[in-house]
Amino acid sequence: MPRDWKKIETDYMGGNLSYAKIAEKWGVSVRQVEEHGRKNHWTEKRREFRGKVAARAEQKAIDKRASREAEKLARLDEAAGLMLEGIARALREDPEQLRRHKRKDGEIILDMLNGGNAAALAKALEIADELGLDTFNADSYIGWAETGTIADGQKFLATITHTDVVPEGNGWDADPYTVRVRDGWLLGRGVADDKGPSILCLYALKYLKDSGVQLKYPVRALLGANEETNMHDVDYYAEHYPMPAFCFTPDAEFPVCNGEKGGFNGELVSPKFENGIITAFEGGVAHNAVPDRASCTVQVGAGALVQTEGVTFEAGEGGTTVIRGWGKSGHAAMPEGTVNAISLIVNCLLKSGVCTPQEEAYLNVLHTLHADTDGSALGIAADDGLFDPLTIIGGTIEMADGVIRQSFDCRYPTNTDPEKMTAAIRKVCGGAATLENVSSRVPFYIDADSPAIQTLINTYNDVTGEGKKPFTMGGGTYARHFPYAVSFGPEHSDMVLPEFGGPMHGANEAAPIDKLLEALKIYIITLLRLEEIDF
């Protein structure tokens, strides 16, 4: 009986039958099947056919995943829009913040347990509770919200932000603690650093919980209350509670910061001035912020002073003159473009030549500190090619009992260390000043190719359509306190501030609403993708 070998060949191509099984199915001999197969290259054709089928299947799967991702992004866009009013409300309801720093025995301490920081943390946890999240307050040092109960020994993911802020400083157009919306921007102390991002994390967890997605790793949103000073909140957490498998902190810039410079802080302290002309000197609100205002009272008339750039003179009591410096504030880690108000007064005093030799010697030390922000004048400049070059700024200055204290904040790369910098600064001080209250932290770095870091950078690029790579920075965040952590947005280094807005730590601190909502989307997708990693 004649056989339709075309049909037999098609049957062989589309299935997994061997020559023997094909022969049995079609009632022919194995030898005949082998002969036709050899002459017509069945084996090669089947391999080629399977490759095409697999490619089509893979493309369908890719298209399906892409469609799901597109649908997910559309849902997130809608969800982010719906969350906007809640986010704005949460920021508006933050209680009035109390002044963050107190002076006690020459040491700056945080009024954490009984002041505004505890109240801010409590309000954040109240908001989280209203969103349906489980919450916990760890003795007002730190608190958290989470998607559900985390069992002992269970691995979990975390975000960490902070509810404390630097003092308001000067130059605001309105109340710093009343959130305003103007032309698509939020204005108020903490909208960028770091209350705005704190609210984003809470809403990201709300989305995860409300979506009903099964989480391999529960997610905890940590809320610190002591980031701006000494980060004792995370020290407390590490001592009493388990660390996450991976953590990111929205307290820097996008795309992903996988390394932070070391930190070196201290004070340049004058001797007690005897019969000096300087009777008062104050300026700055925090050691890690460039001061935009400072004042110095001197026992000479304004006519004896040289008018220099950025200063004004006012008549004081008893024939004294108050010199005021007017600078431009900014974060210590990014001092480019700032103007230090303290340095303006120091320059005026030195050019006027009215101080005693003892005062002038000390002012010359301060002049060297303020001469640049890369440490060249102090002899501590450093650049390792991995991080940006070293930066240093003078933060706060105050005078008490005839002694002036100038704090400084230095961020350094890997090719120097605190011992080298201490030696260089003491050499500059000579006998005119002493270096006191020194503290430091070493640089840290996480491999950019590690799975979690790749997940973060890929998600950022997928959402934004950019092709960015991880970077290192001078800022110090919570990330360095965890075994496996990085900082992740929500700022943008190329963001242009409006005329009415200022930077974090500055007057009229501003954050763009559209970028905050984009960050919310990035954080949600990132947390979902991190669930797929084996930690």
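Residues numbered from 1 in each chain as written. Predicted model: local features only at pLDDT ≥ 70, side-chain atom pairs only at ≥ 80, totals over all residues. Heavy atoms only, no water.

K.L.:
Looking at this model, I keep getting lost on the overall build of the chain. Mind explaining?
P.N.:
Scanning the chain from terminus to terminus reveals 12 helices and 26 strands. Of all 535 residues assigned to the chain, the portion counted as buried reaches 54%. Residue pairs at least 24 apart in sequence account for 74% of intrachain contacts in the chain once pairs closer than 6 positions are excluded. Of the roughly 23,800 Å² of accessible surface on the chain, a fraction of 50% belongs to carbon and sulfur atoms. (Helix = DSSP H or I, 4+ residues; strand = E, 2+ residues; numbered from the N terminus. Buried < 20%, exposed > 50% of the residue type's maximum accessible area, 1.4 Å probe, protein only. Contact = heavy atoms within 4.5 Å. Areas by Shrake-Rupley, 256 points an atom, 1.4 Å probe, with all protein chains shown as cover.)

K.L.:
How should the packing of helix α8 (residues 341-352) against helix α9 (residues 357-370) be read in this particular structure?
P.N.:
Two numbers describe a pair of packed helices, the interaxial angle and the distance between the axes. Relative to each other, α8 and α9 sit at 135°, their axes nearing to 10 Å. The angle between α8 and α9 places the two elements in the oblique class. Crossing handedness for the pair α8 and α9: left-handed. Contacts from I342, S343, V346, N347, L349 and L350 of α8 reach α9 at E360, L363, N364, L366, H367 and H370. For the contact of α8 with α9, a count of residues per class yields six nonpolar, five polar and one charged. (Axes fitted to C-alpha atoms, helices over the stretch in contact; angles between N-to-C directions. Parallel < 35°, antiparallel > 145°, perpendicular 65-115°, else oblique. Left-handed = near helix turned anticlockwise from the far one by under 90°. Nonpolar A, V, L, I, M, F, W, Y, C, P; charged D, E, K, R; others polar.)

K.L.:
Where do I start with the environment of C296 in this structure?
P.N.:
Tracing the backbone through its elements, the reader meets C296 in strand β15 (residues 293-298). Taking the C-alpha atoms as reference points, C296 and F313, separated by 17 residues in sequence, lie 9.8 Å from one another.

K.L.:
Honestly, helix α7 (residues 232-240) in this entry has me stumped. Any pointers?
P.N.:
Residue pairs three or four apart in sequence face the same way in an α-helix, which turns once every 3.6 residues. For α7, the set of buried residues is D233, V234, Y236 and Y237. Buried residues in α7, looked at end-on, bunch into an arc of 155°, giving them a common side. Residues of α7 that are buried make contact with β3 (134-138), β4 (142-146), β5 (157-162) and β8 (219-224). (Arc of directions from axis to C-beta.)

K.L.:
What should I look at first to understand the side chain of D194 in this one?
P.N.:
Here D194 shows up in the loop between β7 (185-187) and α6 (195-211). Looking at D194, its side chain comes within polar contact range of the main-chain nitrogen of H162, at 3.2 Å. Beyond its immediate chain neighbours, meaning those up to four positions away, D194 contacts T161, H162, P250 and D251. (Polar contact = N/O pair within 3.5 Å; in protein donor to acceptor, adjacent residues only side chain to side chain.)

K.L.:
It is not clear to me how helix α3 (residues 30-39) should be interpreted in this structure. Could you clarify?
P.N.:
Sitting at the head of α3, S29 places a side-chain oxygen 3.1 Å from the backbone nitrogen of Q32. Two residues or fewer after α3 comes H41, characterised by a positive phi angle close to 60°.

K.L.:
For this particular structure, what's the right way to read the packing of aromatic side chains?
P.N.:
The way to describe two aromatic rings as a pair is by their centre distance and the angle between their planes. If you walk through the whole model with that rule in mind, you get 18 aromatic pairs. A ring pair is formed by F246 and F535, whose centres lie 6.2 Å apart and whose planes are at 10°; its orientation type is stacked. A residue pair is termed long-range when its members are at least 10 positions apart, and F246 in strand β9 (residues 246-249) and F535 in the segment after α12 (513-530) qualify at 289 residues. One aromatic cluster in this structure is built from F248, F254, Y460, F488 and Y523. Lying over the aromatic face of F156, R220 brings its terminal NZ or CZ to 4.7 Å of the ring centre. (Phe/Tyr/Trp six-rings, centres within 6.5 Å; stacked < 30°, edge-to-face > 60°. Lys NZ or Arg CZ within 6 Å of the ring centre and 35° of its normal.)

K.L.:
So what exactly am I meant to see when it comes to the pattern of salt bridges here?
P.N.:
For side chains of opposite charge, pairing can occur when their charged atoms come near one another. Enumeration over the complete set of coordinates arrives at 15 salt bridges. Among the ionic pairs, D534 bridges to K216, the shortest N-O distance being 2.6 Å. A residue pair is termed long-range when its members are at least 10 positions apart, and D534 in the segment after α12 and K216 in the loop between α6 and β8 qualify at 318 residues. Notably, a salt bridge pairs E267 with R405, separated by 2.8 Å at the nearest N-O pair. Here the residue E267 occupies a position in strand β12 (residues 262-269), and R405 occupies one in strand β20 (residues 403-412), the gap between them amounting to 138 residues. Relative accessible area serves as the criterion here: at 9%, E267 is assigned to the buried category. Connected via shared salt-bridge partners are E267, R405 and E436. (Salt bridge = Lys/Arg side-chain N within 4 Å of Asp/Glu carboxyl O.)

K.L.:
How should the layout of surface pockets be read in this particular structure?
P.N.:
Unoccupied space between atoms shows up once a probe the size of one water molecule is rolled over them. Its volume calculated, the second largest pocket comes out at about 250 Å³. Residue lining of the second largest pocket: 18 residues in total, with N340, S343, H370, A371 and T373 positioned closest to the centre. The set of elements that each furnish at least two residues to the lining of the second largest pocket consists of α8, α9 and β19 (391-400). Grouping the amino acids of the lining of the second largest pocket by side-chain chemistry returns seven nonpolar, nine polar and two charged. (1 Å grid on protein atoms, 1.4 Å probe; cavity = no way out; pocket = protein on both sides within 12 Å on 5 of 7 lines; lining within 4 Å. Points joined across faces, edges and corners; volume = space filled by probe spheres on them.)

K.L.:
Would you mind going over the environment of I453 with me for this structure?
P.N.:
Its place among the elements puts I453 in helix α11 (residues 451-464). We classify I453 as buried; its relative accessible area is 0%. Sequence separation between I453 and P470 is 17 residues; the distance between their C-alpha atoms is 8.2 Å. Beyond its immediate sequence surroundings of up to four residues, I453 is in contact with F246, V256, I446, D447, A448, P470, Y484 and V486.

K.L.:
Any chance you could explain the side chain of R189 here in plain terms?
P.N.:
Residue placement: R189 occurs in the loop between β7 and α6. One polar contact links the side chain of R189 to the main-chain carbonyl oxygen of E168, over a distance of 3.0 Å.

K.L.:
How do you make sense of the packing of α11 against α12 when you look at a structure like this?
P.N.:
Between α11 and α12, whose axes approach to 9 Å, the crossing angle comes to 140°. As far as their axial angle goes, α12 and α11 are oblique. Viewed along their axes, α11 and α12 form a crossing whose handedness is right-handed. Where α11 abuts α12, its residues A452, T455, L456, N458, T459, Y460, D462, V463 and T464 lie against E518, K521, I522, I525, T526, R529 and L530. Its residues placed into classes, the contact of α11 with α12 shows seven nonpolar, five polar and four charged.

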